[in-house]
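Structural features, examined
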Amino acid sequence: MRPLRFLVPGTTGRFRCGGLLVELQTAGLLAQLGGSVEVVTYRQREANHPFLSDLLRAEPLPEGSGKALWIVSWGFDVPGLLKQLRGRATAYHAHSSGYGFSLPAGVPVLAVSRNTLGYWGNLAPRNPLFLVPNALAPQWLERGDRRGSGARAIDVLVQQRKNSAYVLKTLVPALKAQGLRVEVQAGWVDDLVDLFNSAAVVLYDSADYWRGRGVSEGFGLPPLEALACGCVVFSSLNHALADSLDPGVVGHQLGAGSLQADLAAIGAAVREPEAWRPDPQRLDGLLDSASERVLLQRWEAALAAINLHWDRLLAGEKPLVSPSLWQLRIGSLAGRLRLKR
């Protein structure tokens, strides 16, 4: 198994975000497989991590072609990074989709959701594709009160980041006007598990946020975290959220037709949360599938296949190449013209 190198622009300051935390968590998880795992930065030099350009100079091609497996993930940076790494073993850890770039032939895709998997299954059907959802941090499975025992101090919890103007400016005031205890969390929280364990209902509506940015909700962990704590989840169903939130079964659609419909449903869930929670066995299966134990098995199988794939390519085998979109459309047009004759 090749050593793994996870490429991130930096690990501090402006680079800290959900995507970075997931990459760092994944790198830590894969270290359990026993091989070498490094986090490599490429914009910001940091004392604790090697820097991309230094490594490339120290490992020139062709000798350095198969020395490590490089994992790229950072959205708009992916095309440039793959260009720098041409001739080396690489893989794309695909979070959000919709960035508009294409992938070189032969570059494997490690998709964090079925939504992202389907996106690349359409755009890069001849590249090796794998599904490796992001893992819930162990704290959510170990300390989350998934059965929702006892009374809860917060009726409705809303995390301000990514939630829509509809939720923050229309729905929240209307819920408060009905006498519900609503908390909008905006700042730093020392213990998110404790916060979610104290809420009956959680609202998450990210559709407008991602539509405005032109890319997708990559993996949708907040609703899973809420479910692990026994909350009733009302959510948008965009992108990767549809992977786990079966509306009316596991979670419930937020913004389902009218404000009054939302108020009625959320109010009912606050009054009788056990009637709105998912079936316990179904929830247990969903959360287990997101555990580090299960995801480590998925990663191990995917990495074994990717290493074999790169063994073949670096030995001289040619990767399959998909026809371009213009070739497919010209072929389709030509076929229709022949039928008209």
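Now for a look at the structure at hand. Worth saying up front: this structure is predicted, and the values here are computed from it rather than measured. (Residues numbered from 1 in each chain as written. Predicted model: local features only at pLDDT ≥ 70, side-chain atom pairs only at ≥ 80, totals over all residues. Heavy atoms only, no water.)

Remarks on the overall build of the protein
- Of the regular secondary structure elements, the protein holds 14 helices and eleven strands.
- Over its C-alpha atoms the protein spans a radius of gyration of 23 Å, differing by no more than 12% from the 20 Å that the globule rule assigns to 341 residues.
- Counting only C-alpha atoms, the protein reaches 70 × 65 × 35 Å along its principal axes.
- For the protein, with 341 residues in total, the buried portion stands at 49%.
- On the protein, roughly 16,500 Å² of surface is accessible, and the fraction owed to carbon and sulfur atoms is 53%. (Helix = DSSP H or I, 4+ residues; strand = E, 2+ residues; numbered from the N terminus. Rg over C-alpha atoms; globule rule 2.2 N^0.38 Å. Buried < 20%, exposed > 50% of the residue type's maximum accessible area, 1.4 Å probe, protein only. Areas by Shrake-Rupley, 256 points an atom, 1.4 Å probe, with all protein chains shown as cover.)

Comments concerning the sheet that holds strand β9 (residues 199-204)
- One open sheet holds the five strands; their spatial order is β8-β7-β9-β10-β11, and the pairing between them is parallel. A single partner strand is all that each edge strand has here, and the edge strands are β8 (182-185) and β11 (252-253).
- For β9 and strand β10 (residues 232-235), the ladder comprises four bridges, and the chain directions are parallel. Pairing of V202 across the sheet is with V233, part of β10.
- Its contacts with the sheet place helix α9 (residues 221-228) against β7 (154-159), β9 and β10, and it is angled at close to 160 degrees to β10. (Pairing = 2+ DSSP bridges. Contact = heavy atoms within 4.5 Å. Axes fitted to C-alpha atoms, helices over the stretch in contact; angles between N-to-C directions.)

Regarding empty space enclosed by the protein
- Summed over the entire model, instances satisfying the criterion amount to one cavity of 30 Å³ or more.
- Broken down by element, the residue count for the lining of the largest cavity peaks at four residues, all from helix α1 (residues 18-30). (1 Å grid on protein atoms, 1.4 Å probe; cavity = no way out; pocket = protein on both sides within 12 Å on 5 of 7 lines; lining within 4 Å. Points joined across faces, edges and corners; volume = space filled by probe spheres on them.)

Considering the layout of surface pockets
- Taken as a whole, the largest pocket encloses approximately 1,600 Å³ of empty space.
- Lining the largest pocket are 46 residues; nearest its centre among them are C17, G18, G19, L21 and R161.
- Secondary-structure elements contributing two or more residues to the lining of the largest pocket are α1, α5 (138-143), α8 (207-213) and α9.
- Of the residues forming the lining of the largest pocket, the biggest block, seven residues, is contributed by α1.
- Grouping the amino acids of the lining of the largest pocket by side-chain chemistry returns 23 nonpolar, 14 polar and nine charged. (Nonpolar A, V, L, I, M, F, W, Y, C, P; charged D, E, K, R; others polar.)

Quick look at the packing of aromatic side chains
- Using the criterion set out here, one finds nine aromatic pairs in the structure.
- Arranged with centres 5.4 Å apart and planes meeting at 75 degrees, the rings of W140 and F196 form a pair that is edge-to-face. Of this pair, W140 sits in helix α5 while F196 sits in helix α7 (residues 192-197), and the two are 56 residues apart along the sequence. For the pair formed by W140 and F196, the shared burial category is buried.
- Every member of this aromatic cluster is reached through a ring pair, and the members are F76, Y92, Y99, F101, Y119 and W120. (Phe/Tyr/Trp six-rings, centres within 6.5 Å; stacked < 30°, edge-to-face > 60°.)

Some thoughts on the nonpolar core
- The biggest cluster of nonpolar side chains holds 48 residues, and the ones touching the most others in it are L7, L52, L69, Y92 and L110.
- Every residue in contact with Y92, bar those within four places of it in the chain, is listed here: V72, S73, V78, F101, L103, V107, P108, V109, L110 and W120.
- Membership of the second largest hydrophobic core comes to 25 residues, among which are L195, Y204, L224 and C231. (Core = buried A, V, L, I, M, F, W, Y, C linked by side-chain atoms within 4.5 Å.)

Focus on the state of the cysteines
- Tallying each qualifying case throughout the model produces zero disulfides.
- Free of any disulfide, C229 has its nearest cysteine sulfur in C231, 5.7 Å distant.
- Among the residues examined, C229 registers a relative accessible area of 0% and is labelled buried. (Disulfide = S-S within 2.5 Å.)

Considering the pairing of β7
- Buried residues dominate β7, accounting for six of its six residues.
- The sheet contact formed by β7 and β9 spans four bridges and is parallel. Following the sheet pairing, L157 is matched in β9 by V202.
- Alignment of β7 against β8, held across four bridges, turns out to be parallel.

All quantities given are derived from atomic positions and should not be read as evidence of function.
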